[in-house]
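Coordinates in review
In case you want the letters, here they are:
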Amino acid sequence: FGASLHMLKVEIGGDAQSTDGTEPSHMHYENDENYFRGYEWWLMKEAKKRNPKIKLIGLPWAFPGWIGKGENWPYDYPDVTAYYIVSWILGAKQYHDLDIDYIGIWNERAFSSKYIKLLRYTLDKRGLEQVRIIASDRLWEPISFVLLIDSELHGVVDVIGAHYPGTKTVQNALLTGKKLWSSEDYSTFNDEVGAGCWARILNQNYVNGNMTSTIAWNLVSSYYEELPFGRCGLMTAQEPWSGHYKVEAPIWITAHTTQFTQPGWSYLQVDGHLEGGGSFVALTDGLGNLTIIIETMTHNHSQCIRPRLPNFSVTPQRATFYLKGSFYMVETLQVWHSRLGFESGNSSLFQRLHPLKVWRGRFSLDLDVDEVYTLTTLKTGQKCVCQEPPPPQPFPSNYKDDFNIRNPPFSEAPNFADQTGVFEYFVNASDPGDHVFTLRQVVVQRPITWVSDADQTISIIGNFQWVNMTVTCDIYIEKQRDGGVFIAGRVDNGGIYVRRTKGVFFWVFADGTYRVTRDLAGKEILMKGLSGVRDNAWHTLTLNIQGNSASGLLNGYPLWENVTVSKPSNGWAALGTRSFEFAQFDNFHIE
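As annotated in an unreviewed UniProt entry, the chain carries the name Galactocerebrosidase and is attributed to Xiphorhynchus elegans. According to its UniProt record, the chain has this under Sequence similarities (unreviewed entry): "Belongs to the glycosyl hydrolase 59 family." Per its UniProt entry, the chain bears the Subcellular location (unreviewed entry) comment "Lysosome".

Shown next, in the form of structure tokens:
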């Protein structure tokens with residue numbers, strides 16, 4: 001009754017930044033396996049509850065550092081990488097009863113033919129013959145050319161997946177005879193223009209580029225909006241503290257296709273270009289059912305974030321369709337309609353209209369611009385009438401977490417958004433009592449990264465608009481001599497830009513010194529001195545930022561004060577470590 005998605009593609013967490021945060025790996029270290037970290041297992045199970053037939057795809061963006069044995073490259077030891085990926089697929093089945101249908105290679109990075117063949121061999125050896133391989137989640141080339149010249153590789157790759165293809169494919173891809181997918185697309189702000197983008201590419205990826213699947217990045221915007229690509233999901237749910245969410249227009253555009261087709265249906269090979277601009281596709285289940293989806297999106301109302309969209313024009317038109325062969329017998333078609341309102345500002349989304357009478361295999365339709373029609377023999381379409389979500393609320397201005405939870409539902413604490421490193425609930429069995437349950441940074445070797453992760457670890461929390469704040473946290477440095485941790489306020493960046501993060505950072509180090517810096521990198525020093533902090537002992541840090549002035553307390557006593565801070569003028573709170581090192585945090589409080 002909603003988006004009715006056919007497939008869900010998830011990241012295989014690699015402990016490294018993958019656009020808006022880091023997702024934990026199932027194997028932080030070589031001798032470590034845990035299939036209960038992060039949110040993707042939960043998400044896949046929730047998807048299966050709603051649609052037991054939904055297809056599942058796994059793809060890594062990054063890998064834990066041990067995979068590369070010190071090199072930032074996953075293919076030097078392809079047997080290790082294949083073992084790691086296949087372990088994830090086996091863990092999905094063993095611990096969650098999830099069957100992974102497709103597996104990818106390395107998101108938007110190089111592929112290795114040797115590795116892909118070894119991956120297929122490893123899958124088959126472990127009884128996973130049904131898992132299909134998609135490559136290479138980048139561009140059409142060089143994967144298409146390599147498939148044409150390497151028959152062994154051609155035999156093991158099932159789908160060519162390209163990213164942001166702009167509805168076009170290339171000759172070599174067609175020559176392979178493989179299924180062609182737009183395996184990542186959309187990535188556009190989810191207003192009416194985003195809905196127009198999505199409507200246009202859902203049709204035209206097939207009409208212009210022969211692609212039979214289009215996958216939106218991302219499913220739902222559940223990350224702080226000021227991170228990169230804020231609100232670039234099909235819907236928005238970015239306030240877990242209030243429960244507020246918004247079903248955006250792209251959801252109902254999705255329904256036009258997904259509610260009236262299924263994986264296994266076939267596209268009819270018709271020229272889907274309309275004379276007045278716009279496009280249509282027709283699909284059948286091979287059992288007599290027919291679904292036609294029409295879109296008439298204009299250029300300025302359907303621009304995706306990438307690639308650049310060449311000019312084209314769409315005008316109101318009357319389109320006449322002719323049904324032949326087995327479809328000649330169709331007498332009525334159900335009609336679902338959306339009109340994206342730009343000037344008027346009010347859209348009409350996924351409305352059921354009167355059924356359309358088909359006379360002797362023909363019917364006509366008057367099409368305006370910026371419309372979507374679904375005409376179908378299926379009578380199963382429905383639009384949910386759900387209760388209103390709770391009203392939006394800003395992040396609480398007084399927030400505490402003592403991490404005292406014996407069996408947490410997730411491995412990570414709520415509302416913290418890890419941007420480099422991974423921060424997990426931890427049980428300190430040896431602690432006398434004050435700090436049995438803590439939050440611990442657990443990535444101790446730089447991962448095989450996808451983008452330029454910071455050299456420090458950091459997790460952000462709160463409201464980006466915050467100006468004045470007091471952050472307090474108990475900290476425990478585990479790394480001797482050169483270990484260190486920080487708490488911070490007015491933190492201005494994250495995601496793919498995490499290396500350039502600025503703010504007010506209060507650091508203490510295992511050698512008994514402290515620093516106040518303007519940046520995560522620790523280069524712009526505002527103040528430094530001796531603190532007496534040591535490793536393997538608990539200390540309480542307090543950072544107070546008011547206007548242009550900041551001060552810091554250690555264990556409740558002033559350590560430094562009246563440090564002038566100008567930019568950035570606002571931002572999140574954060575905590576983290578000096579390097580990829582173990583450290584613990586407890587009794588976090590922000591006001």
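The rest of the description comes next.
Attention shifts here to the pattern of salt bridges. This structure, assessed with the given rule, holds 20 salt bridges. Here Glu 46 makes a salt bridge to Lys 49, at a shortest N to O gap of 2.8 Å. With Glu 46 and Lys 49 both in helix α1 (residues 40–50) and three residues apart, the pair spans about one turn of that helix. Close ionic contact of Glu 524 with Lys 502 constitutes a salt bridge, the shortest N to O distance being 3.5 Å. Placement of Glu 524 in the loop between β27 (513–519) and β28 (525–530) and of Lys 502 in strand β26 (residues 502–509) is noted, with a sequence separation of 22 residues between them. Through salt bridges that share partners, Asp 32, Arg 37 and Glu 424 make up one connected network.

The next point concerns the sheet that holds strand β7 (residues 214–217). The seven strands are arranged β1-β2-β3-β4-β5-β6-β7 in an open sheet whose pairing can be described as parallel. Where the open sheet ends on each side, the last strands, each with one partner, are β1 (7–12) and β7. Bridging between strand β2 (residues 55–60) and strand β3 (residues 102–103) involves two bridges; their strand directions are parallel. Bridged to Gly 58 within β3 is Ile 103. Contacting β1 and β2, α1 crosses the sheet at an angle of about 170° to β1.

With antiparallel pairing, seven strands are arranged side by side in an open sheet as β20-β23-β32-β25-β26-β27-β28. Only two strands of the sheet have a single neighbouring strand rather than two, namely β20 (417–420) and β28. Sheet twist, expressed as the mean angle between neighbouring strand axes with direction ignored, is 20°. Across five bridges, strand β23 (residues 457–461) lies against strand β32 (residues 572–577) in antiparallel orientation.

Let's shift gears to the domain arrangement of the chain. Interface size is commonly expressed as the accessible area that is lost once the parts come together. Its domain assignment divides the chain into domain 1 (7–249) and domain 2 (399–590). The C-alpha-based centres of domain 1 and domain 2 are spaced at 32 Å. If you look at the interface, domain 1 gives 41 residues, while domain 2 gives 33 residues. Of the roughly 2700 Å² buried at the junction of domain 1 and domain 2 (both faces included), carbon and sulfur atoms supply 57%. Of all residues in domain 1, Gln 17, Tyr 224 and Glu 226 bury the most surface against domain 2, accounting for 24% of the area lost on that side.

Where α1 meets helix α2 (residues 78–96), the closest approach of the two axes is 12 Å, and the angle between their N-to-C directions is 60°. By the angle between their directions, the pair α1 and α2 is classed as oblique. When the axes of α1 and α2 are compared, the crossing they make is right-handed. Contact residues: Trp 41, Met 44 and Lys 45 in α1; Trp 88, Ala 92 and His 96 in α2. Split into classes, the residues belonging to the contact of α1 with α2 amount to four nonpolar, one polar and one charged.

It is worth spelling out the environment of Leu 367 at this point. One can find Leu 367 in strand β17 (residues 362–367). For Leu 367, a relative accessible area of 3% gives the class buried. A sequence separation of 200 residues divides Leu 367 from Lys 567, and the C-alpha atoms of the two residues are 53 Å apart. The contacts of Leu 367, once residues within four sequence positions are left out, are Leu 274, Ile 294, Thr 296, Pro 316, Gln 317, Ala 319 and Tyr 373.

On the surface, a nonpolar cluster with roughly 410 Å² of combined accessible area is contributed by Phe 145, Leu 148, Ile 149 and Leu 175. The dominant element in the nonpolar patch, judged by the number of residues it contributes, is helix α4 (residues 143–149), at three residues. Along the chain, Leu 148 turns up in helix α4.

Within the secondary structure, Leu 274 is located in the loop between β11 (266–267) and β12 (279–284). Relative accessible area serves as the criterion here: at 12%, Leu 274 is assigned to the buried category. For the pair Leu 274 and Val 314, spaced 40 residues apart in the sequence, the C-alpha separation amounts to 9.2 Å. What Leu 274 contacts, discounting residues up to four positions off in sequence, is Ser 279, Phe 280, Ile 294, Glu 295, Thr 296, Gln 317, Ala 319, Phe 321 and Leu 367.

This brings us to the UniProt feature "domain: Glycosyl hydrolase family 59 C-terminal lectin" (unreviewed entry) in the chain. According to UniProt, the "domain: Glycosyl hydrolase family 59 C-terminal lectin" (unreviewed entry) feature falls on residues 418–591. Secondary structure over residues 418–591 splits into 0% helix and 53% strand, and the C-alpha atoms at its two ends are 20 Å apart.

Moving on, we come to the UniProt feature "domain: Glycosyl hydrolase family 59 central" (unreviewed entry) in the chain. Per the UniProt record, the feature "domain: Glycosyl hydrolase family 59 central" (unreviewed entry) sits at residues 267–382. Helix makes up 0% of residues 267–382 and strand 42%, with an end-to-end C-alpha separation of 23 Å.

Burial along strand β14 (residues 317–322) is one-sided: the residues Gln 317, Ala 319 and Phe 321 are buried and none of Arg 318, Thr 320 and Tyr 322 is. Pairing geometry for β14 and β17, over six bridges, is antiparallel. Looking at β17, one finds that Phe 321 is bridged to Phe 363.

On to unusual backbone geometry, then. Of note, the amide linkage connecting Arg 306 to Pro 307 takes the cis form, showing an omega dihedral of -15°. By secondary structure assignment, the location of Pro 307 is in the loop between β13 (290–295) and β14. Residue Pro 568 is reached from Lys 567 by a cis peptide bond, and omega for that bond is -10°. For Arg 360, which is not a glycine, the phi torsion comes out positive at approximately 50°. Given the relative accessible area of 61%, Arg 360 is considered exposed. One non-glycine residue, Asp 370, lies in the positive phi region at around 60°. Relative to the helices and strands, Asp 370 resides in the loop between β17 and β18 (371–376).

Calculation criteria
- Residues numbered from 1 in each chain as written.
- Predicted model: local features only at pLDDT ≥ 70, side-chain atom pairs only at ≥ 80, totals over all residues.
- Heavy atoms only, no water.
- UniProt positions renumbered as here; feature names shortened; annotations may be inferred.
- Salt bridge = Lys/Arg side-chain N within 4 Å of Asp/Glu carboxyl O.
- Helix = DSSP H or I, 4+ residues; strand = E, 2+ residues; numbered from the N terminus.
- Pairing = 2+ DSSP bridges.
- Contact = heavy atoms within 4.5 Å.
- Axes fitted to C-alpha atoms, helices over the stretch in contact; angles between N-to-C directions.
- Domains from an automatic or database assignment.
- Buried area = accessible area lost by both parts, 1.4 Å probe.
- Parallel < 35°, antiparallel > 145°, perpendicular 65-115°, else oblique.
- Left-handed = near helix turned anticlockwise from the far one by under 90°.
- Nonpolar A, V, L, I, M, F, W, Y, C, P; charged D, E, K, R; others polar.
- Buried < 20%, exposed > 50% of the residue type's maximum accessible area, 1.4 Å probe, protein only.
- Patch = residues over 30% accessible without salt bridge, like charges linked within 9 Å, V, L, I, M, F, W, Y side chains within 5 Å.
- Areas by Shrake-Rupley, 256 points an atom, 1.4 Å probe, with all protein chains shown as cover.

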